[in-house]
Structure formats: C-alpha cells, structure tokens
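Chain and residue survey
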Amino acid sequence: RRLRQKVEPEVVELKLDLIRYKKINAATGSLEMRRCSNTRKKDYFNCTYLTIATDYIEKHATVDPKEPGIGIVEVEYLPDPLGHRLIEEGLLNGSRVYGSTADPLSLPGDVNDILTDQFYMNVDDSKAHPSYMRALTKLPAAQKILDEYLAKPASMLESVAEHYFGDVDAAGLKNAKTLFLRLGMDGKLEAWRADHSVPDSVEEHEFVDRYASIMPLLTDEF
C-alpha cells in the first residue's frame, strides 16, 4: 500500500487596511453581531464590529515596516483531506482549502470588507445550493419559492429555528440550514423532524411546508 505524504499547509501573507480600520465610524463600529450559524464566529456574538476588528488585529496582524498603513497576516491554508487524496490519485486538479483562525474570512462579512476590500475581491459562495437551483430551474413555482427564500435567507433560518426549537441559537440555526439542504437533495421533512426530535405537537412552519412540496418537482426537472 502506497504511503500518503503528510499534507502540509500553504502559508499566505495577506494585507489589511489599517488606515480604514482606524476610521471606522461610530455607527459601523457600534454594530453588533447578534446571530450566526457559523460556529467559527460564535465568539463574536454580541461584540461590536470595532471590538471584533481590534481583537483580530491585535492577535494576528503586524504592521508592514515599509507601509505603516498596511497590516500583514500570515494565514495557513490546509487542503480538504478527501480532496487531497483525489488529487494524489490524479482525479482532481484542485480542491477546497481551509484557512486558519487568522483568515479574515473568519470575521463577520462587514469587518472583513473594511479590512481587505482595498486589496482583494471577496467572493462568498453563500446560499450556493438554493442559488444554483434558482439559476437552473425553469419552473415558475420553484422560481417563486426560491426567490422568497433568497430574499432574506438569514431571517428565514431564524424563523424556522424559533418555530421548531423555540430559540434562535447556533445549534438551531445549523439545524434549520440542514433542513433546507436536505429538502433540496430529496430529503424528507419527516426524517429531519425525527432526527432532531421535533415533537409531533409542533406544526409545520408555513414556508417550510410549501418549500418541501416544491422540491420534488426540481428533482424531476433536473
């Protein structure tokens, strides 16, 4: 059996805009991160954007000696283990990589933009699955339900989490997101309820009920 080589992370230096950071105004700086389904950002709950940016810079950034207004962070990017194996076998040319905690993408989107958008174009492939379904489907009913979801996805996840679990926390939001992913991949609403111990006394969320009825049509279409 061929031994696999240890996967070594790639270290990349990224720039931060320290001048813009210092000019964060009171309105933006006082905004708070209230809720998020990304567990990497859970430590930022109820922290202001200014506090988050300051903490991140103090932990990870150094000032560029040649450009005092520029900060430098070293980010380690590690390939996805399965993707790396497939690359070794010659089946893929590349795969997803995961950044360390120094990655600015671990920050709330607005804070990341403040610090980096002078240097980089940040492309967040968020809401990818429903967005791709919306781009491909020709069914008016599917287009309508996906448009409704994509208009305010964060609010929809909060509504679903509160409806089924009585609270909007990281676990509930993750479960709500899982629900929509499963429904989009031929999953059954009843199976999701059973897996997450949703009591029979809890009626279906009105939007979820409609969404679940439309998804099988997409399966037939694709």
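Scroll up to find the structure this text is about.
What this report covers is the structure whose coordinates are included nearby. (Residues numbered from 1 in each chain as written. Predicted model: local features only at pLDDT ≥ 70, side-chain atom pairs only at ≥ 80, totals over all residues. Heavy atoms only, no water.)

Judged by nonpolar contacts, the single largest core of 26 residues is most densely connected at Val160, Tyr164, Leu179, Phe180, Val208, Tyr211 and Met215. Sorting the residues of this core by element identifies helix H7 (140-151), helix H8 (153-165), helix H9 (170-183), helix H10 (189-195) and helix H11 (206-221) as the ones contributing at least two each. If one sorts the elements of this core by residue count, H11 sits on top with six residues. In this structure Tyr164 touches Leu179, Leu189, Trp192, Arg193, Val198, Val202, Glu203, Glu204, His205 and Val208, once residues within four positions along its chain are discounted. In this structure, Tyr49, Ala53, Tyr77 and Ala102 belong to the second largest nonpolar core, which totals 17 residues. (Core = buried A, V, L, I, M, F, W, Y, C linked by side-chain atoms within 4.5 Å. Buried < 20%, exposed > 50% of the residue type's maximum accessible area, 1.4 Å probe, protein only. Helix = DSSP H or I, 4+ residues; strand = E, 2+ residues; numbered from the N terminus. Contact = heavy atoms within 4.5 Å.)

Let us look at the packing of H7 against H11. How two helices sit against one another is set out by the angle between their axes and by the gap between those axes. H11 packs onto H7 with a crossing angle of 135° between their chain directions and a minimal axis gap of 10 Å. Taken together, H7 and H11 sit at an angle that is classed as oblique. Taken as a pair, H7 and H11 cross one another with a handedness that is left-handed. Of the residues in H11, those touching H7 at Ala141, Ala142, Ile145, Leu146, Glu148 and Tyr149 are Phe207, Arg210, Tyr211, Ile214, Met215 and Leu218. For the contact of H7 with H11, the per-class residue count stands at ten nonpolar, no polar and two charged. (Axes fitted to C-alpha atoms, helices over the stretch in contact; angles between N-to-C directions. Parallel < 35°, antiparallel > 145°, perpendicular 65-115°, else oblique. Left-handed = near helix turned anticlockwise from the far one by under 90°. Nonpolar A, V, L, I, M, F, W, Y, C, P; charged D, E, K, R; others polar.)

Applying the stated criterion across every chain yields a total of seven salt bridges. For Glu148, the salt bridge identified is with Arg210, shortest N-O distance 2.9 Å. Of the two residues, Glu148 sits in helix H7 while Arg210 sits in helix H11, which places them 62 residues apart along the sequence. On the accessibility criterion, Glu148 (33% relative accessible area) is partly exposed. Put simply, Arg193 and Glu204 hold a salt bridge, and the shortest N to O gap is 3.1 Å. Note that Arg193 is positioned in helix H10 and Glu204 in the loop between H10 and H11, a separation of eleven residues in sequence. (Salt bridge = Lys/Arg side-chain N within 4 Å of Asp/Glu carboxyl O.)

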